[in-house]
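Here is how the chains run, residue by residue.
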Amino acid sequence: MIVTIQPSPLKGGIYAPASKSSMQRACAAALAAGGTTTIKNPGSSNDDKAALGVIRDLGAEVLQEDGELVIKSAGIHARESSVFCGESGLGIRMFTPLVALNNKPITITGEGSLVTRPMDFFDTVLPLLGVEIRTNAGKLPLEVKGPLVPADITIDGSLSSQFLTGLLLAYAASGAKDVSIHVTNLKSKPYVDLTLDVMKAFGLPVPENRNYESFYFPGSDFKPDPSSLRSYTVEGDWSGGAFLLVAGAIAGEIVVKGLDVFSTQADKAILQALVSCGAGISIEAEQISLRPIPLKAFQFDATDCPDLFPPLVALAAYCKGTTVIEGVERLTHKESNRALTLQAEFGKMGVPIELQDNLMIIRGGEGVKGAPVHSHHDHRIAMACAVAGLCAQGPTVIAGAEAINKSYPDFYEHISSLGASLTIEQK
Ligand SMILES: O=C(O)C1=C[C@@H](OP(=O)(O)O)[C@@H](O)[C@H](O)C1
Ligand SMILES: C=C(OP(=O)(O)O)C(=O)O
């Protein structure tokens, strides 16, 4: 799909999409906790759909009712000998330890960029928990045979927090007693807070968080309760919402609703960057209003919120001076190598980006040129180019624009409803 964005002023109000981080965790927790869960504000991204597929394969029933989802579960009982995680990094890393709670061999697969993302963590860690595992040299497909038995372990948290999210859920679901997961060098910490929040909301045993260095499970008599009833509302998405907020800061007076300023989502930190660059922003409990005013370069550490790099680069392109963003090493293993893909695509739009060790240096405020760009099949690169295109000189033509379906399928519709002039060509 090719999307062409014409420079256009924005105006109006919009609700942020549902968070795939919140939705996928809710699917896993509904499966593990058992009973009947009503999911309100469910997401419909490809990653969300993949999570629903996985929990069906692991024994849950999923029904659609009036815009809500009802998930019924009697605990984790694999129905299939393989599960498919789509392109979701969180999906595969969160569900693999849960899959391994079964005592039969199960193959875990995925597609797109997921087949090249590192999973060798599991080669090292799952055998310590009694799980047999075979991988394709640390990549997909993964073949596991449990059951996983919680034990005291030490893991490396520097590549991704997603592995820890999966282990925390699996330990909780299997009634871990007097054991700890010790973690060194944990990155993306707020995502672990979100995991613990969701576990609590679903009545799963929540470990003691000892300064993000160890997570201690004292023990509980937890068992999935098929008669329990609960409802969970999927949070609005600060990661997708960040693109809307940046769009408002550069291209028009808009109001973004549905973002909880008390959320534990990592990407809520976009607010700090918007304040640092002097954006016209007003933050209220129910809505965030933006208006375009001249912006200045800023400094930001995105180590714990790596998904903010793409919207931050779109913002920095319009900030006068040299913006420095720390945390480049966190970008290598996402849907694309985002340091390189941002550098390549913004370079085409006349925005020079330098990479120096862990720093990204963006020279902005000199004008952005509309140009033919490519998403590299990465949803956040497509959205960053689209937002930057709103105030560029000339049209921005985005190839591989369908990548947005991974997290924010309504993105083009949403910016179009705010006044973005765009055309969509199906190829
Ligand atoms: O847990 C999550 O929902 C996520 C964690 C982050 O990954 P890392 O922990 O690998 O940084 C983030 O980049 C990803 O998009 C979603
Ligand atoms: C990296 C991302 O997701 P995941 O790791 O879950 O595939 C993302 O959404 O930017």
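Residues numbered from 1 in each chain as written. Chains lettered and ligands numbered in written order. Predicted model: local features only at pLDDT ≥ 70, side-chain atom pairs only at ≥ 80, totals over all residues. Heavy atoms only, no water.

Short version of the rule: UniProt positions are given in the numbering used here, feature names are shortened, and annotations may be inferred rather than shown by experiment.
As recorded in an unreviewed UniProt entry, the protein chain goes by the name 3-phosphoshikimate 1-carboxyvinyltransferase, listed as coming from Flavihumibacter stibioxidans. Recorded in UniProt for the protein chain, the comment headed Catalytic activity (unreviewed entry) runs: "3-phosphoshikimate + phosphoenolpyruvate = 5-O-(1-carboxyvinyl)-3-phosphoshikimate + phosphate".

**Regarding the domain arrangement of the protein chain**
Applied cut-off: Boundaries of every domain are those given by an automatic assignment or by a domain database. For this analysis, residues touch if any pair of their heavy atoms sits within 4.5 Å. In this description, buried area is defined as the sum, over both parts, of the accessible area (probe of 1.4 Å) that is lost when the two are combined. Counted as salt bridges are all cases of a side-chain nitrogen of Lys or Arg within 4 Å of a carboxyl oxygen of Asp or Glu. Polar contacts, as counted here, are pairs of nitrogen or oxygen atoms within 3.5 Å of one another; within protein the pair requires one atom able to donate a hydrogen and one able to accept it, and residues that are adjacent in sequence qualify only if both atoms are side-chain atoms. Throughout this entry, Asp, Glu, Lys and Arg are counted as charged residues, while Ala, Val, Leu, Ile, Met, Phe, Trp, Tyr, Cys and Pro are counted as nonpolar. The remaining residues, Gly among them, count as polar.
Entries for the protein chain in the domain assignment read domain 1 (2-17 + 236-425) and domain 2 (20-220 + 228-233). Using C-alpha coordinates to define each centre, domain 1 is positioned 29 Å away from domain 2. Each partner contributes residues to the interface: domain 1 has 23 residues there, and domain 2 has 23 residues. Both sides of the domain 1 and domain 2 interface together cover about 1,700 Å² of buried area, and 48% of this is carbon and sulfur. On the domain 1 side of the contact with domain 2, Thr264, His333 and Lys406 bury the most area, a combined 35% of that side's loss. For the pair domain 1 and domain 2, the number of links is 1 salt bridge. A salt bridge links Lys406 to Asp47, with the shortest nitrogen-to-oxygen separation between them at 2.8 Å. If you look at where domain 1 meets domain 2, you find 9 residue pairs in polar contact (both at pLDDT 80 or more). Per-class residue counts for the side of domain 1 that touches domain 2 are 4 nonpolar, 10 polar and 9 charged.

**Structural notes on the sheet that holds strand β11 (residues 179-184)**
The cut-off we apply is this: What makes two strands pair is DSSP finding at least two bridges between them. A helix here means a DSSP run of H or I that spans at least four residues, while a strand means a run of E at least two residues long, and both kinds are numbered starting from the N terminus. Only the stretch in contact is used when a helix axis is fitted, and all axes are lines through C-alpha atoms; the angle between N-to-C directions ranges over 0 to 180 degrees.
In spatial order, the strands read β10-β11-β13-β12; together these 4 strands make up an open sheet with mixed pairing. Of all strands in the sheet, those bounded by a partner on one side alone are β10 (153-156) and β12 (208-210). Ignoring which end each strand starts from, the neighbouring axes of this sheet average 20° apart. Judged from the 3 bridges that link them, β12 and strand β13 (residues 214-217) form a sheet pairing that is antiparallel. Its bridge partner being in β13, Arg210 is matched across the sheet by Ser214. Helix α5 (residues 162-173) contacts β10, β11 and β13 of the sheet and is inclined by roughly 175° relative to β11.

**Topic: the site of ligand 1**
Operational definition: One heavy atom suffices: a residue is near a molecule or strand as soon as one of its heavy atoms comes within 4 Å of it. Areas reported here follow the Shrake-Rupley algorithm with a probe of radius 1.4 Å; residue values treat only the protein chains shown as occluding.
Surrounding ligand 1, one finds Ser21, Arg25, Leu90, Ser160, Ser161, Gln162, Ser188, Tyr191, Pro306, Asp307, Arg330 and Lys334. Contact between ligand 1 and Arg25: an oxygen atom at 2.7 Å from a side-chain N or O atom of the residue. At a separation of 2.6 Å, an oxygen atom of ligand 1 approaches a polar side-chain atom of Ser161. Taking 390 Å² as the accessible area of ligand 1 by itself, protein coverage stands at 95%.

**Quick look at the UniProt feature "binding site: phosphoenolpyruvate" (unreviewed entry) in the protein chain**
To keep things clear, this is the line we draw: With a 1.4 Å probe rolled over the protein chains alone, any residue whose accessible area is under 20% of its type maximum counts as buried; one over 50% counts as exposed, and the rest are partly exposed.
UniProt annotation of "binding site: phosphoenolpyruvate" (unreviewed entry) refers to Lys20, Gly89, Arg117, Gln162, Arg338, Arg380 and Lys406 when read in the numbering used here. Within the fold, Gly89 resides in helix α3 (residues 89-99). Among the residues examined, Gly89 registers a relative accessible area of 3% and is labelled buried. Since its relative accessible area comes to 2%, Arg380 is described here as buried.

**Some remarks on the site of ligand 2**
In the region of ligand 2, 14 residues are neighbours, and Lys20, Gly89, Arg117, Arg380 and Lys406 sit closest. Here an oxygen atom of ligand 2 and a side-chain polar atom of Glu335 are 3.3 Å apart. Contact distances for ligand 2 include 2.7 Å between an oxygen atom and a side-chain N or O atom of Lys406. Protein chains bury 97% of the 290 Å² of accessible surface belonging to ligand 2 in isolation.

**Let's talk about the side chain of Thr4**
Turning to its location among the elements, Thr4 is positioned in strand β1 (residues 2-6). Owing to a relative accessible area of 14%, Thr4 belongs among the buried residues under this scheme. Apart from the residues lying within four places of it in its own chain, the contact partners of Thr4 are Pro395, Thr396, Val397, Ser421, Leu422 and Thr423.

**Some thoughts on the packing of α5 against helix α6 (residues 189-201)**
The test is simple: Each angle is binned into one of four classes, with values under 35 degrees roughly parallel, values over 145 roughly antiparallel, values of 65 to 115 roughly perpendicular, and all other values oblique. Should the near helix be turned counterclockwise from the far one by less than a right angle, the crossing is left-handed, whereas a clockwise turn marks it as right-handed.
Across the interface, α5 lies against α6 with an axial gap of 10 Å and an inter-helix angle of 25°. Taken together, the axes of α5 and α6 lie roughly parallel to each other. Considering how the two elements wind past one another, α5 and α6 form a crossing that is right-handed. Listed contacts from α6 to Leu164, Thr165, Leu168, Leu169 and Ala172 of α5 are Tyr191, Val192, Thr195, Leu196 and Met199. Grouping the amino acids of the contact of α5 with α6 by side-chain chemistry returns 8 nonpolar, 2 polar and no charged.

**Remarks on helix α2 (residues 46-57)**
Quick reminder of the rule: Expected helix span is taken as 1.5 Å per residue step, with the number of steps being one fewer than the number of residues.
With 12 residues, α2 extends 17 Å from end C-alpha to end C-alpha; this agrees with the ideal 16 Å at 1.5 Å per step. Looking at α2, one finds that the buried residues are Asp47, Asp48, Ala50, Ala51, Leu52, Val54, Ile55 and Asp57. Packing partners of the buried residues in α2 comprise α1 (20-33), β4 (61-65), β5 (68-73), β6 (82-84) and α3. Positioned one or two residues after α2, Gly59 has a phi angle of 115°, which is positive.

**Observations regarding the pattern of salt bridges**
Applying the stated criterion across every chain yields a total of 12 salt bridges. Here Arg338 makes a salt bridge to Asp307, at a shortest N to O gap of 3.5 Å. With Arg338 in helix α10 (residues 338-348) and Asp307 in the loop between β19 (299-301) and α9 (309-316), this pair connects stretches of sequence that are 31 residues apart. The class for Arg338 is buried, based on a relative accessible area of 1%. Salt bridges here are not isolated pairs; linked through shared partners, they connect Lys20, Asp47, Asp307, Glu335, Arg338, Asp378, Arg380 and Lys406.

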